[in-house]
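Overview (structure and organization)
Take a look at the letters that make up each chain.
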Amino acid sequence: MLWRLAPMIYGPTVLFGLGEGAVIPLIPVLASELGADVPMAALVASALVVGQLCGNIPAGWAVARIGERATMALGGGIALAGVVGLIVAPSLPVLTASVLLIGFCAAAFGLARHSFMTTRVPLSFRARALSLLGGSFRLGMFVGPFIAAGLLAIFGDEHAAVWFFGVCLVATVALVLLGPDPETTITGRTPADDGRDREDTGEAVTGSIGTHAPTGVIRTMWRNRGVLSRLGLAAASLSAVRSARQVVLPLWGVSIGLDAQTIALVVGISGAIDFALFYASGQVMDRFGRLWAALPAMVLMGTGFLALSLTHDLDEAAMWFAMFAAVLGVGNGLSSGILLTLGADVAPQSEPAAFLGSWRTLTDAGGAVAPLLVSAIAAVFSLSIATAAMGVVGLVGAGAFLRWVPRFVPRR
């Protein structure tokens, strides 16, 4: 049944990712056309991450109250207002508000499908299904910039990519509203997720498992503070290392004197390796357990950053840059779907949305803080030290996964 509904389950994520991926590279360009300098353009672009961070908890509330389908349709409609704002924005504040709104709605899309998978996908292939969900979004973000480049070549106007995003949103809302609803078609909940196969730690780490009374977001966070403050922080460290990779690699290429084309090629190859491995991560987690994907991913990225930090002044710095960029791509690819899967594993199965809103807020916060941390350390010390610091974060996160995954995640 799940595979027959795959277009409905994964289609909205692919469409939203395609549109967002086409627009993201052009947000600084749109800001500069309205008079923004480089720091201001970066601030406008960062509003997307801030919007997503702020939207997770309200999205969890909406999914718990009105369901996944209605939340996605509402999010798509509100995101269309953000697209209109991008097209007609007369000033930087309006443009920033539009970007913030789109990020807010992206949280609704991500959490709605995450909640659906948590309650409907059996534990035996949960990781593969969630890795496919993460891969669907990665596909959109990977292909979207190429679509934007093609539209720019044809129309010569940055707003063509924004119009494309609008078309993707209309198609997404139509697919959600007119297609079969997976939420009602698949009514069963996942067996073996009632907490009986967890280690008995003496703590109520999943709150409302086995109950069906509505629980507020704040109460859910308090009930699940044990898992959020332990495994949640480990997950946030993974999100931070992932986000740092996107910042450090381009900066490193510039710092060692490479031209823009070479940097783009190296980063693109790293991204291609990352994308190629997204399903392998789910296979590993389902067959051998969550740690067998989380631990190698964090160790690879942690040691990759540490090793890269030692190569800045070497004669073959460009070769080492390309090699460790590939290592980071492998590590990031092996981590595909881990945050989604761990969140689903520890969420209360009776009403996961409120918990997942808190979980995703925590992991998104890790991703949002990492670029700021890299910038601050690089400004005070050097890029090499900032890169090494992210390597330390990766290895500490690996230790945290090793400590907390066996304690909180269901055993096979």
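Note that the structure is a prediction, hence the values are computed from the model and not measured. (Residues numbered from 1 in each chain as written. Predicted model: local features only at pLDDT ≥ 70, side-chain atom pairs only at ≥ 80, totals over all residues. Heavy atoms only, no water.)

**A word on the overall build of the protein chain**
Convention followed: Numbering of helices and strands runs from the N terminus, with a helix taken as a DSSP run of H or I at least four residues long and a strand as a DSSP run of E at least two residues long. In this analysis, two residues are considered to be in contact whenever any of their non-hydrogen atoms come within 4.5 Å of each other. Note that accessible areas follow from Shrake-Rupley with a 1.4 Å probe, and for residues the cover is restricted to the protein chains shown.
Counting its regular elements, the protein chain contains 17 helices and zero strands. Considering only residue pairs separated by 6 or more positions, the protein chain has 85% of its internal contacts joining residues 24 or more positions apart. On the protein chain, roughly 16900 Å² of surface is accessible, and the fraction owed to carbon and sulfur atoms is 71%.

**Re helix α13 (residues 291-308)**
Structural remark: α-helix, 3.6 residues per turn; residues separated by three or four positions point the same way. Just so we agree on the cut-off: A helix is expected to span 1.5 Å for every residue after the first. Each residue is placed in one exposure class: buried if its accessible area under a 1.4 Å probe, protein chains only, is under 20% of its type's maximum, exposed if it is over 50%, and partly exposed if it falls in between.
Here α13 spans 25 Å end to end across 18 residues, near enough to the 26 Å set by a 1.5 Å rise per residue. All of the buried residues in α13 are L291, A293, A294, A297, M298, M301, G302, G304, F305 and L308. In this structure, the buried residues of α13 make contact with α10 (225-255), α12 (278-288), α14 (317-334), α15 (338-346) and α17 (383-408).

**Details of the pattern of salt bridges**
Threshold: The term salt bridge refers to a pairing of a side-chain nitrogen on Lys or Arg with a carboxyl oxygen on Asp or Glu at a separation within 4 Å.
Taken as a whole, this structure holds four salt bridges when the rule is applied. The closest approach of N and O atoms between D286 and R290, which form a salt bridge, is 3.6 Å. With relative accessibility at 4%, the residue D286 sits in the buried group. We classify R290 as buried; its relative accessible area is 7%.

**Focus: the confidence of the model for the protein chain**
Definition in use: By definition, pLDDT measures how confident the predictor is in each residue, and it falls between 0 and 100.
Chain-level statistics for the protein chain give a pLDDT mean of 81 and a share of 87% at 70 or above. Confidence drops under a pLDDT of 50 for residues 188-213, and excluding neighbours within four residues, the segment shows 60 contacts in the predicted structure.

**Some words on helix α5 (residues 92-120)**
If you check α5, its first and last C-alpha atoms are 43 Å apart, about what 29 residues at 1.5 Å a residue would give, namely 42 Å. For α5, the buried fraction is high: 21 of the 29 residues fall into the buried class.

**Focus: a nonpolar patch on the surface**
The criterion, for reference: Each patch is built from residues that are more than 30% exposed by relative accessible area and take part in no salt bridge. Like charges join if they lie within 9 Å; nonpolar side chains (Val, Leu, Ile, Met, Phe, Trp, Tyr) join within 5 Å.
A surface patch of nonpolar side chains, about 260 Å² in accessible area, is lined by I66, L74 and I78. Looking at where I78 falls in the secondary structure, it is placed in helix α4 (residues 68-88).

**Focus: the packing of aromatic side chains**
For clarity, the cut-off: Any two rings among Phe, Tyr and Trp, with Trp reduced to its six-membered ring, count as a pair given centres within 6.5 Å; such a pair is stacked if its planes are under 30 degrees apart, edge-to-face if over 60, and tilted if neither.
Here the structure, examined in full by the defined rule, presents six aromatic pairs. Between F16 and F165 the ring centres are 5.7 Å apart and the planes differ by 80°, which places this aromatic pair in the edge-to-face class. Taken together, the residues F16 in helix α1 (residues 6-23) and F165 in helix α7 (residues 159-178) connect sequence positions 149 residues apart. On the basis of relative accessibility, which here comes to 3%, the residue F16 falls in the buried class. Centre to centre, the rings of W404 and F408 are 5.9 Å apart; their planes meet at 35°, and the pair counts as tilted. With W404 and F408 both in helix α17 and four residues apart, this pair spans about one turn of that helix. You can call W404 buried: its relative accessible area is 17%.

**Some remarks on the packing of α10 against α14**
Going by this rule: The axes are straight lines fitted to the C-alpha atoms, using for helices just the contacting stretch, and the angles between their N-to-C directions are given from 0 to 180°. Each angle receives one of four descriptions, namely roughly parallel if under 35 degrees, roughly antiparallel if over 145, roughly perpendicular if within 65 to 115, and oblique otherwise. Working rule for handedness: look at the near helix, and if it is turned counterclockwise from the far one by less than a right angle, call the crossing left-handed; if clockwise, right-handed. Residue classes follow a fixed rule: Ala, Val, Leu, Ile, Met, Phe, Trp, Tyr, Cys and Pro count as nonpolar, while Asp, Glu, Lys and Arg count as charged, and any other residue, Gly among them, counts as polar.
At a minimum axis distance of 11 Å, the contact between α10 and α14 shows a crossing angle of 165°. In terms of axis orientation, α10 runs roughly antiparallel to α14. Here α10 runs over α14; the crossing is left-handed. Contacts between α10 and α14 involve R242, R245, L249, W252 and G253 from the first element and F321, A325, L328, G329 and N332 from the second. Its residues assigned to classes, the contact of α10 with α14 comprises five nonpolar, three polar and two charged.

**Some thoughts on the nonpolar core**
For the record, the criterion: Here, the term nonpolar core denotes a set of buried Ala, Val, Leu, Ile, Met, Phe, Trp, Tyr and Cys residues that are joined through side-chain atoms within 4.5 Å.
Ranked by size, the top nonpolar core spans 81 residues in total, and within it L95, L231, L342, V346, F355, W359 and F401 carry the most contacts. Each residue touching W359, except ones within four places of it in the same chain, is listed here: L228, L231, G232, A235, L339, L342, G343 and V346. Counting 10 residues, the second-largest nonpolar core is a separate cluster that includes F116, V121, L130 and L340.

**Observations regarding the environment of T220**
Here T220 lies in helix α9 (residues 217-223). Residue T220 is classed as buried on the basis of its relative accessible area, which comes to 5%. Once the C-alpha coordinates of T220 and S358 are considered, the two residues, 138 residues apart in sequence, prove to be 8.5 Å apart.

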